[in-house]
Amino acid sequence: MVHVKTKIERPDPALVAELAKYGSATIHEAQGRLGALSSRLKPVDRAMSLCGPAFTVKCAPRDNIMLQVAISYAKPGDVIVVSAGEYEEAGSFGDVLANACLAKGIAGLVTDTGVRDTAELIELGFPVFSLSHCIKGTVKETLGQVNDPVIVGGEVIHPGDIIRGDADGLVVIRRQDAAYAAEKSREREEAEAGYISAYKAGKSVIEVSNLAGVLAAKGLTTDE
């Protein structure tokens, strides 16, 4: 068994840059309400944002040896995605490893375990999404796999899938669906801009959303 797979297919950087223009909720809705990771995974700071190809790693709970291996092999622009058993009581990543990531140009970290040194992470500006904040240290004992599919936040994530994260949450876009997701996200944002313009022009939400027929069919009554 090979522990570290270094050769993965990454998406077109232009598509990554295009998807980075849109929020996680927009992309989730635009691609058919697919790909939303669990809302339990949250950014260390609401200003944190990331978008890039997934560089996946499987770690044992309370053990970050394979995370350190993944950081060593990841490429600039990658988002390291850690599956560690949804174990909250461990601080598997902090400011020291964040500096290692920044030095390599890594785009961010998503992990289903805990992180620590959160004030320093915010100061560094390195985007981190995690299940918890925990000061408890980890061991370096158990080997795992780098760049096998992992399940994080209830979603299967393949190496090279695109991860988009912002204040609202995280969404995964399948590498093969990136162009479709970008186009549908653009269309959705254009449509929403039209709704906002209509509201400002004085139209009601019922008018703009074409709800009159739906509400009548359901028997909605008012005192007007």
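- An unreviewed UniProt entry lists the protein chain under the name 4-carboxy-4-hydroxy-2-oxoadipate aldolase/oxaloacetate decarboxylase, with Devosia honganensis as the source organism.

**Let's talk about the overall build of the protein chain**
In step 1: Of regular secondary structure, the protein chain possesses eight helices and 11 strands.
In step 2: Its C-alpha atoms give the protein chain principal-axis dimensions of roughly 70 × 35 × 30 Å.
In step 3: Across the 224 residues that make up the protein chain, the buried fraction comes to 43%.
In step 4: For the protein chain, the share of sequence-separated contacts (at least 6 apart) that also reach a separation of at least 24 residues comes to 75%.
In step 5: Total accessible area computed for the protein chain in this model is approximately 11,400 Å², and 53% of it derives from carbon and sulfur atoms.

**Considerations on unusual backbone geometry**
In step 1: Backbone geometry places R62, a non-glycine residue, at a positive phi of 60°.
In step 2: Structurally, R62 is set in the loop between strand 2 (50-58) and helix 3 (65-73).
In step 3: A residue is classified by how much of its surface remains accessible, and R62, at 38% relative accessible area, is partly exposed.
In step 4: Phi is positive for D117, which is not a glycine, with a value near 60°.
In step 5: Overall, D117 belongs to the partly exposed group, its relative accessible area being 28%.

**Remarks on the side chain of T111**
In step 1: Note that T111 resides in strand 4 (residues 108-111).
In step 2: Setting aside its immediate chain neighbours within four residues, T111 contacts L41, V82, S92, F129, S130 and L131.

**Quick notes on a nonpolar patch on the surface**
In step 1: Taken together, the side chains of Y195, I196, Y199, V205, I206, L211 and V214 present a nonpolar region at the surface, about 580 Å² in accessible area.
In step 2: Of all the secondary-structure elements, those providing two or more residues to the nonpolar patch are helix 6 (178-200) and helix 7 (205-208).
In step 3: When residues of the nonpolar patch are assigned to their parent elements, the largest contribution, three residues, is made by helix 6.
In step 4: Its place among the elements puts V214 in helix 8 (residues 212-217).

**Some words on the sheet that holds strand 6 (residues 128-130)**
In step 1: With mixed pairing, seven strands are arranged side by side in an open sheet as 1-6-4-3-2-10-11. For this open sheet the edge positions go to strand 1 (42-43) and strand 11 (169-173), each flanked by a neighbour on one side alone.
In step 2: Along the sheet, helix 3 contacts strand 2, strand 3 (79-83) and strand 4; its crossing angle with strand 2, the most-contacted strand, is approximately 130°.

**Description of the pairing of strand 4**
In step 1: Burial along strand 4 is two-sided: the face carrying G108 and V110 and the face carrying L109 and T111 are both buried.
In step 2: Note: strand 3 against strand 4, four bridges, orientation parallel. By the bridge assignment, I80 is partnered in strand 4 with L109.
In step 3: Since strand 3 and strand 4 lie parallel, the crossover through helix 4 (residues 95-104) that links them has a hand, and here it is right-handed.

**Focus on the side chain of S130**
In step 1: Tracing the backbone through its elements, the reader meets S130 in strand 6.
In step 2: On the basis of relative accessibility, which here comes to 3%, the residue S130 falls in the buried class.
In step 3: A polar contact of 3.0 Å, which involves the side chain of S130, links it to the backbone oxygen of S132.
In step 4: Setting aside residues up to four positions removed in sequence, S130 forms contacts with R40, L41, K42, T111, T113 and V115.

**Quick look at the packing of helix 3 against helix 4**
In step 1: Axis separation between helix 3 and helix 4 bottoms out at 9 Å; the angle between their running directions is 20°. Considering their axes alone, helix 3 and helix 4 lie roughly parallel with respect to each other. Helix 4 is crossed by helix 3, and the crossing has left-handed handedness. Only L97, A100, C101 and K104 of helix 4 make contact with helix 3, whose side of the interface consists of L67, Q68, I71, S72 and Y73.

**Re the environment of L124**
In step 1: Take L124: it is sitting in helix 5 (residues 118-124).
In step 2: For L124, a relative accessible area of 32% translates into the label partly exposed.
In step 3: Each C-alpha atom, one on L124 and one on C51, is 17 Å from the other, the two residues being 73 residues apart in sequence.
In step 4: Ignoring any residue separated from it by four or fewer positions in sequence, one finds L124 in contact with D95, A98, N99 and L102.

Scoring rules and cut-offs
- Residues numbered from 1 in each chain as written.
- Predicted model: local features only at pLDDT ≥ 70, side-chain atom pairs only at ≥ 80, totals over all residues.
- Heavy atoms only, no water.
- Helix = DSSP H or I, 4+ residues; strand = E, 2+ residues; numbered from the N terminus.
- Buried < 20%, exposed > 50% of the residue type's maximum accessible area, 1.4 Å probe, protein only.
- Contact = heavy atoms within 4.5 Å.
- Areas by Shrake-Rupley, 256 points an atom, 1.4 Å probe, with all protein chains shown as cover.
- Patch = residues over 30% accessible without salt bridge, like charges linked within 9 Å, V, L, I, M, F, W, Y side chains within 5 Å.
- Salt bridge = Lys/Arg side-chain N within 4 Å of Asp/Glu carboxyl O.
- Pairing = 2+ DSSP bridges.
- Axes fitted to C-alpha atoms, helices over the stretch in contact; angles between N-to-C directions.
- Right-handed = clockwise from strand over helix to strand, strands pointing away.
- Polar contact = N/O pair within 3.5 Å; in protein donor to acceptor, adjacent residues only side chain to side chain.
- Parallel < 35°, antiparallel > 145°, perpendicular 65-115°, else oblique.
- Left-handed = near helix turned anticlockwise from the far one by under 90°.

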